[in-house]
Amino acid sequence: MPQFNDRVTALQVPGTRQFANKVSQYENGINLTLGQSGFDAPDFIRQAMAEAVEAGELRYTHNKGLIELRTAITDYTAKRFKMNYHPETEVLVTNGGSEAIDSILRTILNPGDEVIIPAPAYAGYEPIIHLLGAKTVFVDTTHSHFVPTVEQVEAALTPKTKAILFNYPTNPTGTTLSAEAIQELVQLLKDKDIFIITDEIYSENVYESQHHSFIEHPEVRDQLFYINGLSKSHAITGARVGYVLAPEELIDQVTKVHLYNSICVATPSQYGAIAALTHPASEEMLTAMNKAYIERRDYLYDRLTQMRLPVERPVGAFYILPDISAYNADSFQFATDLLEAEQVAVVPGAAFTSYGEGYIRISFASTMEEIIEGCDRLERFLKNDSMN
Ligand SMILES: Cc1ncc(COP(=O)(O)O)c(C=O)c1O
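Cut-offs applied
- Sequence order as written defines residue numbering, which begins from 1 separately in each chain.
- Whole-chain, interface and lining totals are the exception, using all residues; otherwise, since this is a predicted model, local features are given only for residues with pLDDT of at least 70 and side-chain atom pairs are given and counted only at 80 or more.
- Only hydrogens and water are set aside; all other atoms, that is, all heavy atoms of the structure, feed into the side-chain values.
- For helices, the fitted axis covers only the stretch in contact; all axes are lines through C-alpha atoms, and the angles between them, taken along N-to-C directions, range from 0 to 180 degrees.
- Secondary structure counts use DSSP, requiring at least four H or I residues in a row for a helix and at least two E residues in a row for a strand, with both numbered from the N terminus.
- Roughly parallel here means an angle under 35 degrees, roughly antiparallel means over 145, roughly perpendicular means 65 to 115, and every remaining angle is called oblique.
- We call a crossing left-handed when the near helix sits turned anticlockwise from the far one by less than a right angle, and right-handed when that turn is clockwise.
- Only heavy atoms enter the contact rule, under which two residues are in contact if any of them lie within 4.5 Å.
- Note on residue categories: nonpolar means Ala, Val, Leu, Ile, Met, Phe, Trp, Tyr, Cys or Pro, charged means Asp, Glu, Lys or Arg, and polar means any other residue, Gly included.
- Proximity is defined per residue: if any heavy atom of the residue lies within 4 Å of a molecule or strand, that residue is considered near it.
- Think of a polar contact as two N or O atoms within 3.5 Å of one another; within protein, one of them needs to be a possible hydrogen donor and the other a possible acceptor, and neighboring residues in sequence only count if both atoms come from side chains.
- Per-residue and other accessible areas follow the Shrake-Rupley method at a 1.4 Å probe size, with only the shown protein chains counted as cover for residues.
- Throughout, the protein atoms alone are placed on a 1 Å grid, and a set of points is a cavity if a 1.4 Å probe fits but cannot get out or a pocket if it is open with protein on both sides within 12 Å along at least five of seven lines; lining residues have an atom within 4 Å of a point.
- Any molecule with more than half of its atoms within 2 Å of a cavity's or pocket's grid points is regarded as sitting in that cavity or pocket.
- Centres within 6.5 Å make a pair out of two Phe, Tyr or Trp rings, where for Trp the six-membered ring is used; the pair is then stacked when the planes are under 30 degrees apart, edge-to-face when over 60, and tilted otherwise.
- To sort residues, take the accessible area from a 1.4 Å probe on protein chains only and compare it with the maximum for the residue type: under 20% means buried, over 50% means exposed, and anything in between is partly exposed.
- Both a distance and an angle decide whether a charge sits over a ring: NZ of Lys or CZ of Arg must be within 6 Å of the ring centre and within 35 degrees of the ring normal.
- Note that domain bounds follow an automatic or database assignment of domains.
- Note on definitions: buried area is the accessible-area loss of two parts on being combined, 1.4 Å probe, summed for both.
- Salt-bridge detection follows one rule: a side-chain nitrogen of Lys or Arg within 4 Å of a carboxyl oxygen of Asp or Glu.

## A look at the packing of helix H5 (residues 96-108) against helix H9 (residues 248-262)
Moving on, step 1. Two elements in contact, H5 and H9, have axes separated by 9 Å at closest approach and are oriented at 120°. Considering their axes alone, H5 and H9 lie oblique with respect to each other. The interaxial crossing formed by H5 with H9 has right-handed handedness. On H9, the residues touching Glu99, Asp102, Ser103, Ile104, Arg106 and Thr107 of H5 are Gln253, Val254, Val257, His258, Asn261 and Ser262.
Moving on, step 2. Across the contact of H5 with H9, the residue classes tally to 3 nonpolar, 6 polar and 3 charged.

## Focus on the site of the ligand
Moving on, step 1. Neighbouring residues of the ligand: 14 residues in total, closest Gly97, Ser98, Asp199, Ser231 and Lys232.
Moving on, step 2. Take Ser98: an N or O atom from its side chain is 2.5 Å from an oxygen atom of the ligand.
Moving on, step 3. Considering the ligand on its own, with 400 Å² of exposed area, one finds that the protein chains cover 93% of that surface.
Moving on, step 4. Structurally, the ligand is housed in the largest pocket.
Moving on, step 5. Counting residues per element, the shell around the ligand draws most heavily on H5, which supplies 4 residues.

## What to know about the packing of aromatic side chains
Moving on, step 1. Applying the stated rule across the entire model yields 15 aromatic pairs.
Moving on, step 2. Here the aromatic rings of Phe81 and Tyr226 are separated by 6.0 Å at their centres, their planes lie at 70°, and the arrangement is edge-to-face. Taken together, the residues span a long stretch of sequence, with Phe81 in helix H4 (residues 67-81) and Tyr226 in strand S7 (residues 224-229) at a distance of 145 residues.
Moving on, step 3. Judged by relative accessible area, which is 1%, Tyr226 ranks as buried.
Moving on, step 4. Grouping aromatic residues by their ring pairs yields a cluster made of Phe39, Tyr202, Tyr293, Phe318 and Tyr319.
Moving on, step 5. Above the ring of Phe19, the side-chain terminus of Lys22 is found at 4.8 Å from the ring centroid.
Moving on, step 6. Above the ring of Tyr301, the side-chain terminus of Arg313 is found at 5.0 Å from the ring centroid.

## Description of the domain arrangement of the protein
Moving on, step 1. Here the protein is partitioned into domain 1 (6-41 + 283-387) and domain 2 (59-278).
Moving on, step 2. A separation of 25 Å is found between the C-alpha centroids of domain 1 and domain 2.
Moving on, step 3. Listed per partner, the contact involves 34 residues of domain 1 and 36 residues of domain 2.
Moving on, step 4. Here domain 1 and domain 2 share an interface that buries about 3,000 Å² over both sides, 63% of which is from carbon and sulfur atoms.
Moving on, step 5. At the boundary of domain 1 and domain 2, one finds 1 salt bridge.
Moving on, step 6. Linking Arg297 and Glu208 is a salt bridge whose minimum nitrogen-to-oxygen distance equals 2.7 Å.
Moving on, step 7. Summed over the shared surface of domain 1 and domain 2, the number is 15 residue pairs in polar contact (both at pLDDT 80 or more).
Moving on, step 8. Of all the secondary-structure elements, those providing two or more residues to the side of domain 1 that touches domain 2 are helix H1 (6-9), helix H11 (282-306) and strand S9 (319-320).
Moving on, step 9. Element by element, the count of residues in the side of domain 1 that touches domain 2 is highest for H11, at 8 residues.
Moving on, step 10. Taken together, the residues that form the side of domain 1 that touches domain 2 break down as 21 nonpolar, 7 polar and 6 charged.

Listed below in structure tokens is the structure:
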């Protein structure tokens, strides 16, 4: 048998999907692991994609994406953040946020480089960093309401730091950075030879407060890769459309990695993305989805608090991360026992780096009925557990 690449052999399959796969085997199972909206894709997006197929729009596009889509992205961003990016030179359309993350990291990292990441963190970052022979340096946010302090970030900097990767609102914690926190981090990071990567894939799913971003700060524009996409905001995870905004010099380098990897994003998906960003019904749809997520979050937060599980109230994304360590310090075992006893699937916190150990991630992208039933079963499980 020929040998595989050593770094690939060392990779683990993500913990996020394991429990979703297992729960589907139970007839009565409740799946609270979803990392995608339970809503169907909006009609106007489906229609735009179908029309593109019908019109035979099935050829390659420009490597960076259709210029109409890049213009829609820069217009949308200018409206949200009052920051202008040029559609010809400063945007790259990618195969989801996932490919944006992969292509950016492959563009900037050499073996031995360090990437600072606040943790608990999304499980999709570290494996790519390891594939490249680079190192993750996690900043523990579990004692500061899942938000890194500027002192912690400063202490994590070394001469080997190549980049710092933020994800706000965060998967799996649902917390976000305030305008003040971003401002402080900008003051620390500006003028340093460090890239800032900001994964804002959940930035449309922000509830009471207004979303703020590093992209609003011209001081760090030259070192910033801004990632967003339509998977989460528009309930089209399967269309695979994400994008990167960055200065021309940075985009030129990432585009090389992207084009050797995949040439371009599927053309009908790009037409769907144009509709998502420009259709007049889009904003209304976002508001309606967020209203439903707020109701589900509030219900879930109240129930978890009544169960006396320590928990932060999420302000964005669609995840909540209660602390279950009083019941079981091993979150994988807790999730396994919960699944076997009550047929409820959640994701063990340890899937989101070791800093997630002792927590479980529950998704409120699931339906209200599932959330209610899931909470009833979790409550029963905890009662039975404490009696044993
Ligand atoms: C934080 C974060 N970034 C990026 C992604 C990738 O999303 P996509 O590739 O569908 O845009 C996800 C998906 O769960 C995520 O949670």
